[in-house]
Amino acid sequence: MRIIGDLGSHCLTSEGLVEGPCKYSHPTIGEGGYGSFSFLYGPSAGGLLESVAFDILTYGESIEDVRALSYKTRHIKVGGLPLRDVLFKVERINVPFAASHTIAFLTAVENALGVSPPEEVVESRIAQLELERIRNNLLVIQRLAEAASFLVPTYRLLYYVEEVNRAISRSCGHRYFLGANYLGESRCQGLHLPRIDVEELRDLLSNRIFIDRLQGNGVVKEDWAIGPAARAAGFSYDARLEVPELKYRDHGFKIVTESKGDAFSRMLVRLEEIEVSLKILEGVEVKPRRFELPLREGRGIGRVESPSGDLAYMVQVEQGSIKELHLLPPSRINILLFLRSMPENIFTDFPFNWESFGIWISEAEVSIS
Amino acid sequence: MYLQIDKFYLEIVTLLTMITALALSLWSARASHVVAAISSSLFILYGLYSGEFRVFYVVSGLVWLFSSTFSALHDRERWYSLTFSGTLLGIMITLLSQNYLEFLTGWELMTLFAYASIGVYRREWRPGYTFLAFGEVSTVLLIAGFILAYQETGTFLFHTLTDTLPLWFTTFGFTVKMGIFPFLVVEWLPIAHGNAKPSLSSVLSASMTLAGVYGIYKMMSLCPQTQALGGVLILIGAFSVLFGALYSYVSDHMKGMLAFSTIENNGAILTALGSLELSADPVLKAFAQFSLMVYVVAHSLAKTGLFLVTGYVHGESMSTLSTERSFSLEIGTTLLTASMSGLLPTVGGVAVWSLLETLFMESISVRGILGLIPLLAGVMVGMGEGFATGAMARFTSFTSLVRPRGGERGRLVLLIGVLMPVLALLSYLLSPEMAGAASLGMFSNSLIPSGYSGGSFGGISPLYVLIILPILSLITYLASGRRRVRTVDPWDNGSGRRLTYTSFGMANNIRLMLRFVLRTRKGAVETSADVFWRAILQLVRGYVRFSRAFSRAYMNSSISWYMIYMILAFIVVILVVFL
Amino acid sequence: MNWFLRGIRRGILTEKEFPQVQWPSELHRSKEGEVKCPTDALKEDRWDPNRCIFCRACEPILSPTGRSVQAQVKRSEPSFRRSFYLYPIDVGTCGGCNLEFRLIASPQHDMTRFGIFLTNTPRHADALVVMGVMTPKMEEVLRRAYDAMPEPKLVILLGVCAVSGGILGMPPDIRGDVVIPGCPPTPESILRALVEAKSGE
Ligand code: SF4
Ligand code: SF4
């Protein structure tokens, strides 16, 4: 059994819900002595894709402790709203992970209503999740290259990200899968695969200057880690192996792990997973399909492996409306991991470690009522 | 000059004026300082008429003039004016001495008064003990050297010698007093622990060490050349440059970092002395002599100015001190630290350049393994200067540039600061040669060239830089102008928290990078707890214990008895000399 | 192989025409019928792109044309013709707008060919690109960023959240000189709007 994260007032584990909250070891808090001061990075700084601030306790250059300060918390109201409107909001909690969010939410709703979607819908969902993973893994590696001012790869990777977006748009109508999934419906039509030269991406690994900045940086060893961060530390954690609804095992899915747990291992895992995902996509067929959702009451959980780790929803449905909704976004766990792995490093390590987790502030800070 | 001033009378008048200052201190501190300033001015005048040692005299006089002026403006304690003018008198006698006995008298007087001044300031005698203990080590070595000289010549008068042993002994006696590695506690301790007032710190750091340089220089002129000593001095000096600059860089104690910087400067001067002793080539020797003199000028005056800056600051740690900047302090401190960092067009720039040139020229002209010494030293000095620039940038920033604006003060600092580029021009007077270069619109004879036998090496033109720099700035200003200036708040990433950085933080990169050498400990004020430093501290403790035991046995546990003894000894020596 | 050589071997990837995108694109009415639009983007038969979140709830009564959504450029600044520096500020996005905005730098779009660049501080910016719904703590940050910019300056509202609040909240309280609808707007429509704002072609 492994801890996945807090979901509502419970703790979600690989075996299901247990009374929460999850039990985490206490972090060691850095102390400031003579000469230390707190340095604020953010909330609106050029190097950050989203608005967030970090309060860094430092003696200059060194990082003794980091706290994250939230700035862009959105309050989203869902209670009592019809499922359709909640779906539109869920899609927009984190658009870069829209497929993961939507599919986890819809799975939760389907579980609550006691239906299992037809084969075609499941295949379409797998295709969407893997396309999304490819895009986000490329983006994470692109951010890492950009942090190193490694410009040619930066733009080559942006090129690939754009290519994936176009492939998604041709398959599902929208570059980020918005509107591609609906209650009792999957609208993607045909699968267009992006052309990605994985060998070219591997060239990154031959650049010593680049990998020096990632090796040994931000080591994660926590056994409650998730996603690529966990797999980079040698834990074989992956929702794709653990969740029954999406039949990944039938598609030749192989888990990728590394052992060091540092930013470099996280990048390696993401790089290899691009290839694994492309493999999975080769055997998938995508067709639109509708199915019936009955008007029932119930409670259900839906979990998927988002590009950055486990993502789960828990819903309580009543008469076609949402009574209760809880979200476990992977970024919330990844931020905890990031903050713990930062002390003992220096300022220049910061962006590399940060980007290596593939965190989205949008989903980590959203508050749902 | 139509008016022929009799040098002898000028000397007597100068000495008597300083003695008057000493006497006046019993009545009024201010009067004493003013008279000390007058005496210093007379001494400068005297220096201008002297031959070979002119630079030492004029520079010492300037240091005293500035520090006693500062004291006249800011210090009110009579005991302080007493010990201060006594120290000056001691150094004066040393510099003016005609024989070994007078020299020793001045030397002891200087040690004694400086010791009293350090001890009395905070009513804390321990730093003084160390100072004194080292002072006595120094004196013992000097006496040994002088006795050897006496044995050879049969007179106490300064006379040409054929043996190099007196030079070896006295040189080490002097370096002890200069606070050169491994004796850096001599100066470092009292200054860094804030046991000396700004004006005394200037005198200890600039003038007292200069007396040591003077001593070595004088003995070198009497003794035959010894290349071995040259090599040793170059190495010790260069090591002190690197070591002093590194510690100055990581020190967060305002006076501590200046004290370390003094070690660095003294190291550079010692290196210059060493290269003077190492080379046999007359052209090179002349150039080494030039770099020595320029260094003496640059270091003594800039350091005096910087210690006076500390007089305008409250608190001692760079990260927590409070002060206000003023126009004078900003410009003055910037010029002083620019000179300390070896940047043109200040005199410090000329000094660093000429020293490095000397070393690299020697490395190719001195034969055999000895030639490696200046090469190695050049590398260490170069690295040291890099650290020094960082340290000095931090000093200017946190003692004035980043501080809130306050009332106008520190004009004396401005004056000394402005001297830096002026002295860069005056360095032409010391240069053994001048040349023209027909490129970049260089004016005729505006180049100070460096050359060793049979070749020219490089050149520098302070005048050119001094003229071109403002012209280029003016052109830029006229071209882009004030027209589009717009003031907005600094962008603090929108947090409204006004991003700040501390002095400690600025130096922390090196602390982290060299953590194995520096043994960086988190949150320690003295982060400089490295391998060497531990050894030194051990040494200090030993010396302190020794000097306590020494004082108990020798002075019957009473400082005053020792003082009385010294004064009696002083009178006896004076009598012996004059009779 | 070396990244640089590989890059050269691939040739020029920048495009003049971009592939069509269905969602978001201009919508038109292709059938009669009642629509329950979640954001009131349909009122008295008029489709308002500034409110539309392109949720596809009105399909097939409204259908996409594939034409890039038209941005509204209320003010352009000729002095930015040669170089146009942008400072993006996220006041409460879902991350989508940030990413699409980033992709205008991708080789396919290559914003720099139009003299459009990004800057790391609003003090060097010609235009502020505001994205997302207003969140309480970002209000102050947005104001500071705007104040820190030199004149002349433009404000660009990017994405339906910043334009009207969309389905998630209220828009930021700032007047936009350029309004780019879409959820998120495609790089193509962003690029077109920016070029127009700097009074280019
Ligand atoms: S796409 Fe959605 S928001 Fe846009 S008009 Fe149709 S129903 Fe309204
Ligand atoms: S407009 Fe759409 S893509 Fe942009 S921030 Fe809002 S929800 Fe996200």
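Residues numbered from 1 in each chain as written. Chains lettered and ligands numbered in written order. Predicted model: local features only at pLDDT ≥ 70, side-chain atom pairs only at ≥ 80, totals over all residues. Heavy atoms only, no water.

### Some thoughts on the overall build of chain A
Link 1 in the chain: When its secondary structure is counted, chain A shows twelve helices and 14 strands.
Link 2 in the chain: For a compact globule of 369 residues, the expected C-alpha radius of gyration is about 21 Å, and chain A comes in at 20 Å, within 12% of that figure.
Link 3 in the chain: Dimensions of chain A, computed from C-alpha atoms along their principal axes, come out at roughly 65 × 45 × 35 Å.
Link 4 in the chain: Residues counted as buried form 66% of the 369 residues belonging to chain A.
Link 5 in the chain: Of the contacts made within chain A by residues no fewer than 6 positions apart, 69% connect residues no fewer than 24 positions apart. (Helix = DSSP H or I, 4+ residues; strand = E, 2+ residues; numbered from the N terminus. Rg over C-alpha atoms; globule rule 2.2 N^0.38 Å. Buried < 20%, exposed > 50% of the residue type's maximum accessible area, 1.4 Å probe, protein only. Contact = heavy atoms within 4.5 Å.)

### Observations concerning the sheet that holds strand β3 (residues 16–19) of chain A
Residues and elements named next belong to chain A.
Link 1 in the chain: Pairing is antiparallel across the open sheet formed by three strands, whose spatial order is β1-β2-β3. Edge positions in the sheet fall to β1 (3–7) and β3, since each of these pairs with one other strand and no more. Put simply, the sheet's adjacent strands are angled 35° from each other on average, direction ignored.
Link 2 in the chain: Across four bridges, the pairing between β1 and strand β2 (residues 10–13) is antiparallel. Its bridge partner being in β2, Gly5 is matched across the sheet by Leu12. (Pairing = 2+ DSSP bridges. Axes fitted to C-alpha atoms, helices over the stretch in contact; angles between N-to-C directions.)

### Structural notes on the interface of chain A and chain C
Link 1 in the chain: On the side of chain C, 55 residues touch chain A, which itself brings 60 residues to the contact.
Link 2 in the chain: For the pair chain A and chain C, the summed buried surface comes to about 4600 Å²; carbon and sulfur atoms form 59% of the total.
Link 3 in the chain: The three residues of chain A that bury the most area against chain C are Tyr71, Arg92 and Arg166 of chain A, which together make up 13% of that side's buried surface.
Link 4 in the chain: Where chain A packs against chain C, one counts six salt bridges.
Link 5 in the chain: Of the charged contacts in the structure, one is a salt bridge between Glu100 of chain C and Arg175 of chain A, with a shortest N-O distance of 2.6 Å.
Link 6 in the chain: At the boundary of chain A and chain C, one finds 22 residue pairs in polar contact (both at pLDDT 80 or more).
Link 7 in the chain: Of all the elements in the fold, those that place two or more residues in the side of chain A that touches chain C are β7 (75–76), α1 (83–91), α3 (119–147), α4 (151–172) and α5 (198–202) of chain A.
Link 8 in the chain: Here the element with the most residues in the side of chain A that touches chain C is α4 of chain A; it accounts for 14 residues.
Link 9 in the chain: A breakdown of the residues in the side of chain A that touches chain C according to their chemical character gives 25 nonpolar, 15 polar and 20 charged. (Buried area = accessible area lost by both parts, 1.4 Å probe. Salt bridge = Lys/Arg side-chain N within 4 Å of Asp/Glu carboxyl O. Polar contact = N/O pair within 3.5 Å; in protein donor to acceptor, adjacent residues only side chain to side chain. Nonpolar A, V, L, I, M, F, W, Y, C, P; charged D, E, K, R; others polar.)

### Considerations on helix α2 (residues 98–113) of chain A
Residue and element names in this part refer to chain A.
Link 1 in the chain: With 16 residues, α2 ought to run about 22 Å at 1.5 Å a step, and its terminal C-alpha atoms sit 22 Å apart, in line with that.
Link 2 in the chain: Burial analysis of α2 places 15 of its 16 residues in the buried class, which makes it a mostly covered element.
Link 3 in the chain: A positive backbone phi angle near 75° is found at Gly114, which sits one or two residues after α2. (Expected span 1.5 Å × (residues − 1).)

### Examining the UniProt feature "domain: NADH-quinone oxidoreductase subunit D" (unreviewed entry) in chain A
Link 1 in the chain: The positions that UniProt labels "domain: NADH-quinone oxidoreductase subunit D" (unreviewed entry) are, in the present scheme, residues 200–282 of chain A.
Link 2 in the chain: As annotated, residues 200–282 of chain A comprises 46% helix and 0% strand, and the C-alpha atoms at either end are separated by 20 Å. (UniProt positions renumbered as here; feature names shortened; annotations may be inferred.)

### What to know about the packing of helix α13 (residues 327–340) of chain B against helix α15 (residues 372–401) of chain B
Residue and element names in this part refer to chain B.
Link 1 in the chain: It is the contact of α13 with α15, at a shortest axis distance of 9 Å, that shows an interaxial angle of 170°. When the interaxial angle is binned, α13 and α15 end up roughly antiparallel. For the pair α13 and α15, contact is made by Leu329, Glu330, Thr333, Thr334, Thr337 and Met340 and by Glu385, Ala388, Met392, Phe395, Thr396, Thr399, Ser400 and Leu401, respectively.
Link 2 in the chain: Looking at the contact of α13 with α15 residue by residue, the class counts come to six nonpolar, six polar and two charged. (Parallel < 35°, antiparallel > 145°, perpendicular 65-115°, else oblique.)

### So, the site of ligand 1
Link 1 in the chain: Ligand 1 sits among Leu27, Cys37, Pro38, Thr39, Ala41, Trp47, Cys52, Ile53, Phe54, Cys55, Arg56 and Cys58 of chain C.
Link 2 in the chain: Across the shell around ligand 1, the residue classes tally to ten nonpolar, one polar and one charged. (Near = heavy atom within 4 Å.)

### Quick notes on the packing of helix α12 (residues 282–309) of chain B against α13 of chain B
All names here are of chain B.
Link 1 in the chain: Closest axis-to-axis distance for the α12/α13 pair is 9 Å, and the angle between their directions is 140°. Considering the angle they form, α12 stands oblique to α13. Considering how the two elements wind past one another, α12 and α13 form a crossing that is left-handed. Contacts from His299, Leu301, Ala302, Lys303, Gly305, Leu306 and Val309 in α12 reach Thr333, Leu336, Thr337, Ser339 and Met340 in α13. (Left-handed = near helix turned anticlockwise from the far one by under 90°.)

### Focus on the interface of chain A and chain B
Link 1 in the chain: Counting from both sides, the interface comprises 22 residues of chain A and, opposite them, 24 residues of chain B.
Link 2 in the chain: Buried surface at the junction of chain A and chain B, both sides included, amounts to about 1700 Å², of which 58% is carbon and sulfur.
Link 3 in the chain: Arg497 of chain B is the salt-bridge partner of Asp55 of chain A, the closest N and O atoms lying 3.3 Å from each other.
Link 4 in the chain: The tally of links between chain A and chain B comes to seven residue pairs in polar contact (both at pLDDT 80 or more).

### Observations regarding the site of ligand 2
Link 1 in the chain: All residues in the neighbourhood of ligand 2 are listed as Arg92 of chain A together with Thr93, Cys94, Cys97, Gly159, Val160, Cys161, Gly182, Cys183 and Pro184 of chain C.
Link 2 in the chain: With respect to ligand 2, the chains having nearby residues are chains A and C.
Link 3 in the chain: Among the residues forming the shell around ligand 2, the class breakdown is six nonpolar, three polar and one charged.

### Some thoughts on the side chain of Ser461 of chain B
Link 1 in the chain: Its place among the elements puts Ser461 of chain B in the loop between β2 (455–460) and α17 (462–480).
Link 2 in the chain: From its side chain, Ser461 of chain B meets the backbone nitrogen of Tyr464 of chain B in a polar contact 3.2 Å long.

### As for the state of the cysteines
Residue and element names in this part refer to chain A.
Link 1 in the chain: Within the structure shown, the criterion is met by two disulfides over all chains.
Link 2 in the chain: Between the sulfur atoms of Cys11 and its disulfide mate Cys22 the distance is 2.1 Å. Measuring handedness by torsion sign, the sulfur bridge of Cys11 and Cys22 sits at about 100° and is right-handed. Taken together, the residues span a long stretch of sequence, with Cys11 in strand β2 and Cys22 in the loop between β3 and β4 (37–41) at a distance of eleven residues.
Link 3 in the chain: The residue that forms a disulfide with Cys172 is Cys188, at a sulfur-sulfur distance of 2.0 Å. Around the S-S axis, the bridge from Cys172 to Cys188 shows a dihedral of about 110° and counts as right-handed. Here Cys172 is found in helix α4, whereas its partner Cys188 is found in the loop between β9 (185–186) and α5, with 16 residues between them in sequence.
Link 4 in the chain: For Cys172, a relative accessible area of 5% gives the class buried.
Link 5 in the chain: The class for Cys188 is buried, based on a relative accessible area of 0%.
Link 6 in the chain: Disulfides within chain A link the bonded cysteines, taken in sequence order, as 1-2, 3-4. (Disulfide = S-S within 2.5 Å.)

### Some thoughts on empty space enclosed by the protein
Empty space among the atoms becomes apparent when a probe as large as a water molecule is rolled across them.
All names here are of chain A.
Link 1 in the chain: Within the structure shown, the criterion is met by eight cavities of 30 Å³ or more.
Link 2 in the chain: Here the largest cavity is characterised by a volume of approximately 190 Å³.
Link 3 in the chain: Taken together, 17 residues form the lining of the largest cavity, with Leu49, Glu355, Gly358, Ile359 and Trp360 sitting closest to its centre.
Link 4 in the chain: Looking at which element gives the most residues to the lining of the largest cavity, the answer is α3, with four residues.
Link 5 in the chain: Within the lining of the largest cavity, the residues separate by chemical class into ten nonpolar, three polar and four charged. (1 Å grid on protein atoms, 1.4 Å probe; cavity = no way out; pocket = protein on both sides within 12 Å on 5 of 7 lines; lining within 4 Å. Points joined across faces, edges and corners; volume = space filled by probe spheres on them.)

### Comments concerning the side chain of Arg125 of chain A
Link 1 in the chain: Inspection of the secondary structure puts Arg125 of chain A in helix α3.
Link 2 in the chain: Dropping the residues within four chain positions of it, Arg125 of chain A is found in contact with Ile103, Leu106, Thr107, Glu110, Pro117, Leu246 and Phe291 of chain A.

### Topic: unusual backbone geometry
Link 1 in the chain: Cis geometry is adopted by the peptide bond preceding Pro24 of chain C, which originates at Trp23 of chain C and carries an omega value of -5°.
Link 2 in the chain: Within the secondary structure layout, Pro24 of chain C lies in the loop between α1 (3–9) and β1 (27–29).
Link 3 in the chain: Note that the residue after Cys183 of chain C, namely Pro184 of chain C, is joined by a cis bond; omega there is -15°.
Link 4 in the chain: With respect to the secondary-structure elements, Pro184 of chain C resides in the loop between β10 (178–180) and α5 (187–197).
Link 5 in the chain: Backbone geometry places Gln319 of chain A, a non-glycine residue, at a positive phi of 45°.
Link 6 in the chain: For Gln319 of chain A, the location among the structural elements is in the loop between β12 (309–318) and β13 (321–328).
Link 7 in the chain: Accessibility expressed as a relative area gives 62% for Gln319 of chain A, which makes it exposed.
Link 8 in the chain: Look at Asp40 of chain C: it is not a glycine, yet its phi comes out positive at around 55°.
Link 9 in the chain: Structurally, Asp40 of chain C is set in the loop between β1 and β2 (42–43).

### Regarding the pattern of salt bridges
Link 1 in the chain: Evaluation of the coordinates by the stated rule reveals 50 salt bridges over all chains.
Link 2 in the chain: With a closest N to O distance of 3.2 Å, Arg175 of chain C and Asp177 of chain C form a salt bridge.
Link 3 in the chain: Connected through shared salt-bridge partners, Glu130, Arg133, Arg231, Asp238, Arg240, Glu273 and Glu305 of chain A make up one network.

### Describing the layout of surface pockets
Link 1 in the chain: One number sums up the size of the largest pocket: a volume of about 870 Å³.
Link 2 in the chain: Along the walls of the largest pocket sit 40 residues, with Gly46, Gly47, Arg143 and Glu146 of chain A together with Asn120 of chain C positioned nearest its centre.
Link 3 in the chain: Listing elements by their share of the lining of the largest pocket, those giving two or more residues are α3, α4 and α11 (350–356) of chain A together with β6 (84–92), α2 (96–102) and β7 (116–118) of chain C.
Link 4 in the chain: In terms of residue class, the lining of the largest pocket is built from 21 nonpolar, twelve polar and seven charged.

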